[in-house]
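The residues making up each chain are set out below.
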Amino acid sequence: MKRIATIQDISCFGKCSITVSLPVISAMGVECAIVPTTVLSTHTAGFTGYTVCDISDWLLPIAEHWRREGISLDTLYTGYLANETQIKDTVKFIEMTKNDDTLIFVDPAMADNGKLYPGFPAEFPSKMLELVKIADVVCPNITEACLLLGKEFKNEGEYDEGYIKELVDGFLALGIKKVVITGVKYGDGRHGALAYDAECGEYRYLYGNDLDCYFHGTGDIFSSVLCGALTKGNDVYSATQQAVDFTIACIAQTLPDRENHPYGVKFEECLHLLTK
Ligand code: PXL
């Protein structure tokens, strides 16, 4: 059985980060160890007055203990991190717990729709870049890619294929071998991602139907499936298609009930799609 350790926050309510990654990765038949960095009463999108408890003092003691126990990880998967110190400690955590074969999977979850998530200072992407640089795989959305690479953000309808390829190339120039840019739409009824694997040297779009709506936490669902599928040995193109298909299935499941479910998607009712 393959084993992933995921380093990100616990948002107690709201269905994102660890409360999504753990069930999704488990449903895929991959063991998922968790390393919580912050506990928040809710996620930060659409809620106000949430409580935040930084528990990242535990990070390095956990890494030391795991190292003493000889715990080996096929994949280290990072997601939302709340501040610069957490990023630095996550880099150290990875250095302390990885072995020669461990896949370093970084989802630089920090922004969407042209904007950083609430609470992040403008210089946060430059801090996240230090973690991105040690990744084998990155899966930013277009906003995150622009902020990390210092490129101009363009909305749907304003960009073309050349622009999205340039974003991929920016990460390749940093030495990252597998790059997936998420949330790509060209207004033709499809919604998906552009994937590139340096070993294969091919840019490939993987698409599903564009349901033309926004739900929070779908980025974490996407990256969890992508990470699980890569850890199971799928190539990046097949893993990206699985992530696109599952994310769209979760959105389709939620749309008819979106008034009651505005804060996240009903992924629970779709998990059976992953257990096949
Ligand atoms: O889905 C990314 C995410 C994770 N964790 C927290 C968040 C967000 C996005 O806003 O607020 C706490």
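To be clear, the structure that these remarks concern was listed above.
Residues numbered from 1 in each chain as written. Predicted model: local features only at pLDDT ≥ 70, side-chain atom pairs only at ≥ 80, totals over all residues. Heavy atoms only, no water.

**Some points on the nonpolar core**
Thinking step 1. F93, V132, I142, I164, F171 and I181 are the most contacted members of the largest nonpolar core, which has 48 residues in total.
Thinking step 2. When neighbours within four sequence positions are excluded, F171 is seen to be in contact with V132, V138, P140, A145, L148, L149, I176, V179 and I181.
Thinking step 3. In this structure, C32, F215, L230 and V244 belong to the second largest nonpolar core, which totals 40 residues. (Core = buried A, V, L, I, M, F, W, Y, C linked by side-chain atoms within 4.5 Å. Buried < 20%, exposed > 50% of the residue type's maximum accessible area, 1.4 Å probe, protein only. Contact = heavy atoms within 4.5 Å.)

**Some points on the side chain of S11**
Thinking step 1. Within the secondary structure layout, S11 lies in strand β1 (residues 3-13).
Thinking step 2. Here the side chain of S11 touches D9 through a polar contact of 2.7 Å, side chain to side chain.
Thinking step 3. Look past the residues within four positions of S11 in its chain and what remains in contact with it is C16, S17, T19, L40, T42 and H43. (Helix = DSSP H or I, 4+ residues; strand = E, 2+ residues; numbered from the N terminus. Polar contact = N/O pair within 3.5 Å; in protein donor to acceptor, adjacent residues only side chain to side chain.)

**Considering the site of the ligand**
Thinking step 1. Near the ligand, the surroundings consist of D9, S11, C16, S17, L40, H43, T44, Y80, Y117, H216 and D220.
Thinking step 2. One of the side-chain nitrogen or oxygen atoms of D9 is found 2.9 Å away from a nitrogen atom of the ligand.
Thinking step 3. The side chain of T44 places a nitrogen or oxygen atom 2.6 Å from an oxygen atom of the ligand.
Thinking step 4. Here the ligand, which alone exposes 310 Å², has 99% of that area covered by the protein.
Thinking step 5. The cavity that encloses the ligand is the largest pocket.
Thinking step 6. Partitioned by chemical class, the residues of the shell around the ligand number four nonpolar, five polar and two charged. (Near = heavy atom within 4 Å. Areas by Shrake-Rupley, 256 points an atom, 1.4 Å probe, with all protein chains shown as cover. 1 Å grid on protein atoms, 1.4 Å probe; cavity = no way out; pocket = protein on both sides within 12 Å on 5 of 7 lines; lining within 4 Å. Sits in = over half its atoms within 2 Å of the grid points. Nonpolar A, V, L, I, M, F, W, Y, C, P; charged D, E, K, R; others polar.)

**Structural notes on the layout of surface pockets**
Thinking step 1. Approximately 1000 Å³ is the volume attributed to the largest pocket.
Thinking step 2. Around the largest pocket sit 48 residues that line it, and D112, N141, G183, Y214 and T218 are the ones nearest its centre.
Thinking step 3. When residues of the lining of the largest pocket are traced back to their parent elements, those giving at least two are β1, α5 (142-149), β9 (178-184), β10 (190-197), α7 (218-231) and α8 (236-254).
Thinking step 4. It is α7 that provides the largest number of residues to the lining of the largest pocket, a total of five residues.
Thinking step 5. For the lining of the largest pocket, a count of residues per class yields 19 nonpolar, 19 polar and ten charged.
Thinking step 6. Considered as a void within the structure, the second largest pocket measures approximately 150 Å³ in volume.
Thinking step 7. Forming the walls of the second largest pocket are M28, V225, K232, N234, Q242, D245, F246, L273, L274 and K276.
Thinking step 8. A total of three residues in the lining of the second largest pocket trace back to one element, the largest contributor, which is α8.
Thinking step 9. Along the lines of polarity and charge, the residues of the lining of the second largest pocket split into five nonpolar, two polar and three charged. (Points joined across faces, edges and corners; volume = space filled by probe spheres on them.)

**Digging into the packing of aromatic side chains**
Thinking step 1. Following the criterion strictly, the structure yields eleven aromatic pairs and no others.
Thinking step 2. For the ring pair Y196 and Y203, a centre distance of 4.6 Å and an interplane angle of 55 degrees mean the geometry is tilted.
Thinking step 3. When its relative accessible area of 12% is taken as the criterion, Y196 is described as buried.
Thinking step 4. The side chain of K165 reaches across the aromatic face of Y203, ending 5.1 Å from its centre.
Thinking step 5. Sitting above the plane of the Y237 ring, R204 keeps its charged end 4.0 Å from the centroid. (Phe/Tyr/Trp six-rings, centres within 6.5 Å; stacked < 30°, edge-to-face > 60°. Lys NZ or Arg CZ within 6 Å of the ring centre and 35° of its normal.)

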